[in-house]
Amino acid sequence: EVPPVICVPKGTETSLLGEYATSIRGSTVEVAIPSRGKRRKVMEMAQTDAKSKYDAATAAVNNYNTVKASFDDVYNRYKSAADSGDATTANALVDSVNSWADKVNTAATSATSAVDAYNKSFASLSPTKAEYQSYITKLNNLSNQASTIAAESENLASKVGTDTVKYQEAIL
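Predicted model only: the values in this text are computed from it and were never measured. (Residues numbered from 1 in each chain as written. Predicted model: local features only at pLDDT ≥ 70, side-chain atom pairs only at ≥ 80, totals over all residues. Heavy atoms only, no water.)

Regarding helix H2 (residues 37-83)
Look at H2: 68 Å from first C-alpha to last across 47 residues, which is about the 69 Å you get at 1.5 Å a residue. In the stretch just after H2, glycine 85 is the one whose phi turns positive, near 85 degrees. (Helix = DSSP H or I, 4+ residues; strand = E, 2+ residues; numbered from the N terminus. Expected span 1.5 Å × (residues − 1).)

Put into structure tokens, the structure is as follows:
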């Protein structure tokens with residue numbers, strides 16, 4: 001849904017945007033470049049929100065990577081103990097492996113949600129061409145990471161379940 005007024009930052013091509021928005025809305029859309037007042041404040045708040053959402057998405061992806069590295073460490077210690085027949089150590093690590101697997105899944109969900117929130121917040125802006133290109137680059141990078149995270153998270157659940165059963169059978 002296109003609003004009757006779109007506020008854009010200085011440097012934005014307003015005539016083409018206005019024509020396009022009007023054609024979608026079906027009635028005239030005003031494209032304003034506010035320099036002060038309420039419209040300017042709202043536009044600045046939307047830009048601040050988009051930056052905040054980008055920072056949150058980046059932090060969520062980084063958190064996932066940290067959690068995943070911790071899981072990998074615990075899982076590799078578990079696997080090493082099971083491979084060497086050290087049942088005591090392997091059994092002691094089973095709960096830790098499952099706990100870290102849950103943390104990885106939670107971090108994956110958070111990262112994916114944060115990337116979606118960034119995308120939605122930026123969609124409310126009317127960026128300049130340079131801002132839009134920067135946004136697309138950042139979004140593509142975050143989306144690729146979120147896709148990798150989602151795939152790793154799905155594979156992880158299957159791997160942990162299968163390997164835990166396999167190693168428990170081998171060391172008992």
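A look at the environment of asparagine 91
Here asparagine 91 lies in helix H3 (residues 87-123). When its relative accessible area of 37% is taken as the criterion, asparagine 91 is described as partly exposed. Measuring from C-alpha to C-alpha, the distance between asparagine 91 and methionine 45 comes to 52 Å, with 46 residues separating the pair along the chain. (Buried < 20%, exposed > 50% of the residue type's maximum accessible area, 1.4 Å probe, protein only.)

What about the pattern of salt bridges?
Any two side chains of opposite charge can pair, given that their charged atoms come close. Here the structure, examined in full by the defined rule, presents 6 salt bridges. Here glutamate 44 makes a salt bridge to arginine 40, at a shortest N to O gap of 2.9 Å. Of the two residues, glutamate 44 and arginine 40 both sit in helix H2, 4 residues apart, roughly one turn of that helix. A relative accessible area of 35% places glutamate 44 in the partly exposed class. For the salt bridge of arginine 77 with aspartate 73, the shortest nitrogen-to-oxygen distance reads 3.4 Å. Of the two residues, arginine 77 and aspartate 73 are both situated in helix H2; the distance of 4 residues between them amounts to about one turn of the helix. (Salt bridge = Lys/Arg side-chain N within 4 Å of Asp/Glu carboxyl O.)

Describing the packing of aromatic side chains
The final tally for this structure, using the stated rule, is 3 aromatic pairs. With a centroid separation of 5.5 Å and 20 degrees between ring planes, the pair formed by phenylalanine 71 and tyrosine 75 is classed as stacked. Of this pair, phenylalanine 71 and tyrosine 75 are both found in helix H2, 4 residues apart, which corresponds to roughly one turn of the helix. By relative accessible area, tyrosine 75 is classed as buried at 2%. A network of ring pairs unites the aromatic residues Phe71, Tyr75 and Tyr78 as a single cluster. Taking the ring centre of tryptophan 100 as reference, the NZ or CZ of lysine 103 above it sits at 4.2 Å. Its guanidinium or amino end placed over the ring of tyrosine 54, lysine 138 lies 4.5 Å from that ring's centre, counting from NZ or CZ. (Phe/Tyr/Trp six-rings, centres within 6.5 Å; stacked < 30°, edge-to-face > 60°. Lys NZ or Arg CZ within 6 Å of the ring centre and 35° of its normal.)

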